[in-house]
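# A look at the structure
These are the residues of each chain, in order.
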Amino acid sequence: MTENTSQQDPKTQVETARKAFEEEFEDFVRLGDYAEVLKLPLVEALLKRKEFEEFCRRYTGKKGTIASLKKLIGQSGPDKRAILGSQVQQLEKWISDRTNQVHYSLSAYIQQSQLERDRIDVTLPGRRPRRGHIHPITRLRERVEDIFVSLGYAIEDDREIETDFYNFDALNIPANHPARASQDTFYTTEGFALRSQTSTVQIHAMQRRGAPLRMIAPGRVFRRDTPDPTHNPMFFQVEGLCVDRGITMAHLKGTVAEFLRRMFGAQTVTRFRPSYFPFTEPSAEFDFSCFKCGGRGCRICKQSGWIELGGSGMVHPNVLRIAGVDPEIYSGFAFGLGIDRMCALMYGLDDIRLLFENDVRFLEQFD
Ligand code: FA5
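Rules behind the numbers
- Residues numbered from 1 in each chain as written.
- Predicted model: local features only at pLDDT ≥ 70, side-chain atom pairs only at ≥ 80, totals over all residues.
- Helix = DSSP H or I, 4+ residues; strand = E, 2+ residues; numbered from the N terminus.
- Rg over C-alpha atoms; globule rule 2.2 N^0.38 Å.
- Buried ≥ 20, exposed ≤ 12 C-beta atoms within 10 Å, placed from the backbone.
- Contact = placed C-beta atoms within 7 Å.
- Pairing = 2+ DSSP bridges.
- Near = placed C-beta within 6 Å.
- Nonpolar A, V, L, I, M, F, W, Y, C, P; charged D, E, K, R; others polar.
- Domains from an automatic or database assignment.
- Axes fitted to C-alpha atoms, helices over the stretch in contact; angles between N-to-C directions.

### Structural notes on the overall build of the protein
When helices and strands are tallied, the protein shows 14 helices and nine strands. Whereas a compact globule of 367 residues would reach a radius of gyration of roughly 21 Å, the protein reaches 44 Å, over 25% beyond that. Looking at the 367 residues of the protein, the share that counts as buried comes to 29%. Expressed as a percentage of contacts within the protein between residues at least 6 apart in sequence, the contacts between residues at least 24 apart total 67%.

Dropping the structure here:
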């Protein structure tokens, strides 16, 4: 209560308070009508409620007008105390009667609108997440892995960045050897290179695990090849290595033939052609009878009846020695095949670049 009003006699102060309330309440009175409140947007109703609560607090709060008037009751003489008490009480009741309706309609409307806003219809169907699937190269790699694991081979996963030593020297390809040119790769200034073949894992695996050893190493390799329908600068190979006492070319042929039979069917025939790789001696490339025409000749095998798959041979004694395996005691065979071209053949693709363009419309076909 202001300085001015506190100098008035208590009865007048009660009257002044009533008038002041009535005047201010004018701004809120229409909110006692639920139909009026319904016209407000929720945010505005929230604002109005806040304003209204502040207004009410100024009259009926702990430090409000009614509380100050109640203090006057105690201070007035015994003859006036009862009358003043009843006047203040009446004013308090009158204020609460008038404000109750506004409180009620504002709160009811706000509660209803918030419920409406937050309502979740649990019966609506959910949004189905788009299910992806495994890339055809990965699927093929997993098939190859499954077959070799069932033949007792371990799977080695190794680095893609190599030193010259592992990519070339340890594989019996010294500097200036012509075989380096056909596997030119990407070099860093610190003398590291992206591996150009998974044969690097032969060395790491023998150094790590010694002999005897049976492992395959699927992985990414890199070459400075110009992209075309059968070449990519990045592609996948699977390396195989078996080192033990008395391992011969017969073991190599039997293993590769069994792998291809499990991969393409029991009728599959394998053939070996003499070849050259610096890290195997003797070396051979292997082909298998076309899975589509069974060897009669078709578009896939370019009418030859055969599909070329990879290189192989008996591990060169220099390679065994450099990896810490005694070639006087142990011998071994190794093979390597590219899975991108195999994948393209199996799915009838005429361009392996499609496999890495990541066009979802293309990849979706392999679900
Ligand atoms: C090798 O890389 C030897 N390391 C294989 C080997 C391992 C021989 C163990 C002896 C013992 P080659 O360079 O031929 O060999 O590559 C093997 C396969 O990789 C090829 O048959 C082919 O399928 C695939 N390939 C080669 N270059 C590319 C390329 N640019 N894009 C896609 N596939 C390729």
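### Here's the deal with the pairing of strand E8 (residues 306-315)
Most of E8 is tucked away, with eight of its 10 residues classed as buried. In terms of strand pairing, strand E7 (residues 280-289) meets E8 through eight bridges, oriented antiparallel. Note that in E8 the partner of Phe288 across the bridge is Ile307. Bridge analysis of E8 against strand E9 (residues 331-338) gives five bridges, and the strand direction is antiparallel. Note on E9: the bridge partner recorded for Gly311 is Gly336.

### Focus on the site of the ligand
Lining the immediate surroundings of the ligand are 23 residues, of which His231, Phe235, Gly311, Gly336 and Gly338 lie closest. Here the shell around the ligand is built from residues that sort into six nonpolar, 12 polar and five charged.

### A word on unusual backbone geometry
Between Ala211 and the following residue, Pro212, the backbone shows a cis peptide bond with an omega angle of -5 degrees. Mapped onto the fold, Pro212 is located in the loop between helix H10 (200-209) and strand E4 (213-222). Glu281 connects to Pro282 through a cis peptide bond whose omega is -5 degrees. Relative to the assigned elements, Pro282 resides in strand E7. Notably, Asn172 is not glycine yet its phi reads approximately 70 degrees, a positive angle.

### Description of the domain arrangement of the protein
Along its sequence, the protein is carved into domain 1 (3-118) and domain 2 (136-366). On a C-alpha basis, the centres of domain 1 and domain 2 stand 88 Å from each other.

### Quick word on the environment of Lys50
Relative to the helices and strands, Lys50 is located in helix H4 (residues 42-60). Each C-alpha atom of the pair Lys50 and Phe286 lies 85 Å from the other, and the pair is 236 residues apart in sequence.

### Examining the pairing of E4
When you tally the buried positions in E4, you get seven out of 10 residues, the bulk of the element. Here two bridges tie strand E1 (residues 154-155) to E4, and the two strands are oriented parallel to one another. When the sheet's bridge partners are listed, Ile155 is paired in E4 with Ile216. Bridge count between E4 and strand E5 (residues 234-244): 10 bridges; the pairing is antiparallel. By the bridge assignment, Val221 is partnered in E5 with Phe235.

### Remarks on the sheet that holds E1
In space, the seven strands of this open sheet follow the order E1-E4-E5-E9-E8-E7-E6, with mixed pairing throughout. Strand pairing shows two members of the sheet lacking a second neighbour, E1 and strand E6 (270-277), which therefore form its edges. Running at roughly 55 degrees to E9, helix H13 (residues 339-347) makes contact with E5, E8 and E9 of the sheet.

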